[in-house]
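For reference, the chains in residue letters:
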Amino acid sequence: MLDIKLIRENPDVVRAAIKAKHTDDLVDQALELDRERRAIIQEVEVLKNRRNTVSEEIARLKKAKESAEDRIAEMKAVGDEIARFDDQLREKELALGLILDSIPNVPHSSVPAGEDASANVEVKRWSPAGVSNAFEKREGLDHLALAEKHGLFDFKRGAKITAAGFPVYTGRGAQLERAFINFMLDIHTRSHGYTEVLPPFFVNAESLRGTGNLPKFGDQVYFMPEDQLYAIPTAEVPITNLYRDEVMKAETLPVLHCGFSACFRREAGSYGKDTRGFLRVHEFNKVELVKFTLPETSYDEHEKLTADAERILELIGIPYRRLLLCAGDTSFSSAKTYDLEVWSPVEGKWLEASSCSNFEDFQARRANIRFRREPKAKPELVHTLNGSGLATSRLMVAFLETFQQPDGTIRIPEVLQPYLPFTEIV
């Protein structure tokens, strides 16, 4: 959520962000409600001052043993008027809050302009040393053919027991998925300084609102109306909300958490896109990285977080690139985002495996996450960041296609071998 003061003082900046992120322009509505809200506050202040004056007069009259009935009646009328204005103020603040919930974050000054993904900027490309054809399309079995050959997962039975887009991992495929997750958690906790969290996979509406998923993306989440609970689209939601309505100590920042979860996304509006296998699923596994930082260090921490996610790919040996997203492709809540895309050599295309974002104080204002620099200092909003470190679904595609051998065998890199009872899939 943006500070209403920012909208009041820089409406054109906010309008530019709204236009870039393809959302409805609600600036005029926000400003009008803000004007009405402040007018009511001024009226209430005048009335409260009058009430204080009348209260003093009543005390003086009673002390002088004079009648104070007229003043008491006046104070009651003033009190009723204050109560009426308070009701109006609550209504205005509620309406303003709903408007502010639907206004996107303002992109950072370093974010390039652009309408869509075609304007994203590649800032880095990596491949293992000595591999000259890392980014070329090559012959071989795709991930579905490899899965069928080796019995790694079963999409048909997943569709039978649930629906399309809900995979079943089997045999060595299940072991490989578990190896990915454990390897990533170990690297992030032992080498990168994150504290592991295993969060609930269901959250309430306030948690989704806190991270910006509601109301904007209500059609993308699975909802259980009987319990008023939502299946999480990412572990970002429960982990960020760990500190909702709390005041953290400045000396503890940055706080770094990582956590594994299953992720559930309806993917409404994705019809017509490539939905084969793991390219687009409704349930997938992911290790999430979340940071709570001081405002002045958040962009340094953003670079570090992105490098932490990249390190996983480099250790495994998966070719990837880093993209700086343009304003039009940056998410509703984010001020700046890097996407990490892995190269799928048989598909011959890039697949997003991680999105690393700095939300500045946008989520913290919604979730009321603050910190104090000193014991008696006024609380300030933290900056929140998160990134996939990594999502396993498209990583699995790139992994299988990258490490398959000419005979169809899949080689297991040394860093993953301690997590598996085999060194190759034959």
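Cut-offs and rules
- Residues numbered from 1 in each chain as written.
- Predicted model: local features only at pLDDT ≥ 70, side-chain atom pairs only at ≥ 80, totals over all residues.
- Heavy atoms only, no water.
- Helix = DSSP H or I, 4+ residues; strand = E, 2+ residues; numbered from the N terminus.
- Buried < 20%, exposed > 50% of the residue type's maximum accessible area, 1.4 Å probe, protein only.
- Phe/Tyr/Trp six-rings, centres within 6.5 Å; stacked < 30°, edge-to-face > 60°.
- Pairing = 2+ DSSP bridges.
- Contact = heavy atoms within 4.5 Å.
- Axes fitted to C-alpha atoms, helices over the stretch in contact; angles between N-to-C directions.
- Expected span 1.5 Å × (residues − 1).
- Core = buried A, V, L, I, M, F, W, Y, C linked by side-chain atoms within 4.5 Å.
- Salt bridge = Lys/Arg side-chain N within 4 Å of Asp/Glu carboxyl O.
- Parallel < 35°, antiparallel > 145°, perpendicular 65-115°, else oblique.
- Left-handed = near helix turned anticlockwise from the far one by under 90°.
- Nonpolar A, V, L, I, M, F, W, Y, C, P; charged D, E, K, R; others polar.

Student: Please clarify how the side chain of Ser 388 should be interpreted in this entry.
Tutor: Along the chain, Ser 388 turns up in strand β16 (residues 383-391). Exposure remark for Ser 388: the relative accessible area of 9% places this residue in the buried category.

Student: Looking at this structure, how should I read the packing of aromatic side chains?
Tutor: Any pair of aromatic rings gets described here by the distance separating the centres and the angle formed by the planes. Within this structure, the stated rule accounts for 17 aromatic pairs. Taking the centre distance of 6.2 Å and the plane angle of 75 degrees together, the rings of Phe 201 and Phe 260 count as edge-to-face. Separated by 59 residues along the polypeptide, Phe 201 in the loop between β4 (195-196) and β5 (202-203) and Phe 260 in strand β9 (residues 255-264) bring together distant segments of the chain. Here Phe 332 and Phe 362 contribute two aromatic rings whose centre-to-centre distance is 5.8 Å and whose plane-to-plane angle is 80 degrees, an arrangement assigned as edge-to-face. With a gap of 30 residues between them, Phe 332 in the loop between β11 (320-324) and β12 (336-344) and Phe 362 in helix α11 (residues 362-367) connect regions that are remote in the sequence. The exposure class of Phe 362 is buried, given its relative accessible area of 0%. An aromatic cluster is built from Phe 153, Phe 155, Tyr 169 and Phe 278, whose rings are joined through pairwise contacts.

Student: Explain the sheet that holds β4 to me, please; I cannot follow it from the model alone.
Tutor: Each strand in a sheet pairs with another by means of backbone hydrogen bonds, the pair being arranged parallel or else antiparallel. Reading across from one edge, β1-β11-β12-β13-β16-β10-β9-β4 is the order of the 8 strands in this open sheet, with mixed pairing throughout. At either end of the open sheet lies a strand with only one pairing partner, and these are β1 (121-126) and β4. Inspection of the sheet shows β12 paired to strand β13 (residues 349-358) by 9 bridges, in the antiparallel sense. Across the sheet, residue Val 342 finds its bridge partner in β13, namely Leu 351. Seen against the sheet, helix α7 (residues 171-190) touches β4, β9, β10 (283-293) and β16 and runs at an angle of roughly 10 degrees to β10. Its contacts with the sheet put helix α12 (residues 392-403) on β10, β12, β13 and β16, and the angle it makes with β12 is roughly 35 degrees.

Student: Would you mind showing me how to read helix α10 (residues 298-316) here?
Tutor: Every α-helical turn comprises 3.6 residues, leaving residues that sit three or four positions apart pointing alike. Taking 1.5 Å of rise per residue, the 19 residues of α10 would be expected to cover 27 Å, and the 28 Å separating its terminal C-alpha atoms lies within 8% of that figure. Listing the buried residues of α10 in full gives Ser 298, Glu 301, His 302, Leu 305, Thr 306, Asp 308, Ala 309, Glu 310, Ile 312, Leu 313 and Ile 316. Backbone geometry just after α10 places Gly 317 at a positive phi near 100 degrees.

Student: I'm lost on the nonpolar core in this one. Help?
Tutor: One recurring pattern in soluble globular proteins is that nonpolar side chains are buried together. Within the largest apolar cluster, 52 residues are counted, with the highest numbers of intra-cluster contacts made by Phe 180, Ile 316, Ile 318, Phe 399 and Leu 400. Counting 19 residues, the second largest nonpolar core, distinct from the first, contains Leu 2, Val 14, Leu 96 and Ile 99.

Student: Please explain the pattern of salt bridges as it appears in this structure.
Tutor: Side chains that carry opposite charge are capable of pairing whenever their charged atoms lie near each other. With the rule as written, the count across this model stands at 32 salt bridges. Close ionic contact of Lys 286 with Glu 288 constitutes a salt bridge, the shortest N to O distance being 2.4 Å. Between Arg 321 and Glu 341 there is a salt bridge, with its nearest N and O atoms 2.8 Å apart. Of this pair, Arg 321 sits in strand β11 while Glu 341 sits in strand β12; the two residues are 20 residues apart in sequence, bridging distant segments of the chain. According to the relative accessible area criterion, Arg 321 is buried, its value standing at 17%. Salt bridges sharing common partners tie together Lys 124, Glu 303, Glu 310, Arg 311, Glu 314 and Arg 322.

Student: What exactly am I supposed to notice about unusual backbone geometry here?
Tutor: In this model, Leu 214 is joined to Pro 215 through a cis peptide bond whose omega is 5 degrees. For Pro 215, the position within the fold is in the loop between α8 (205-211) and β6 (223-224). Across the junction of Gly 389 and Leu 390, the peptide omega takes the value 15 degrees, indicating a cis bond. As for its placement among the helices and strands, Leu 390 is situated in strand β16. Of note, Lys 65 is a non-glycine position whose phi angle comes to about 60 degrees, a positive value. Checked against the element boundaries, Lys 65 lands in the loop between α3 (27-63) and α4 (69-101). Judged by its relative accessible area of 77%, Lys 65 is exposed. With phi around 55 degrees, Gln 228 is a residue other than glycine that occupies positive phi space. Within the secondary structure, Gln 228 is located in the loop between β6 and β7 (229-231).

Student: Would you take a moment to explain the packing of α3 against α4 for this structure?
Tutor: The angle between the axes and the distance between the axes are what describe a pair of packed helices. In contact at an axis separation of 9 Å, α3 and α4 are set at 160 degrees when each is read in the N-to-C sense. As summarised for this structure, α3 and α4 are arranged roughly antiparallel, according to the angle between their axes. The hand of the α3/α4 crossing is left-handed. Residue classes in the contact of α3 with α4 are distributed as 18 nonpolar, 3 polar and 15 charged.

Scope: geometric values only; no functional claims are made or implied.
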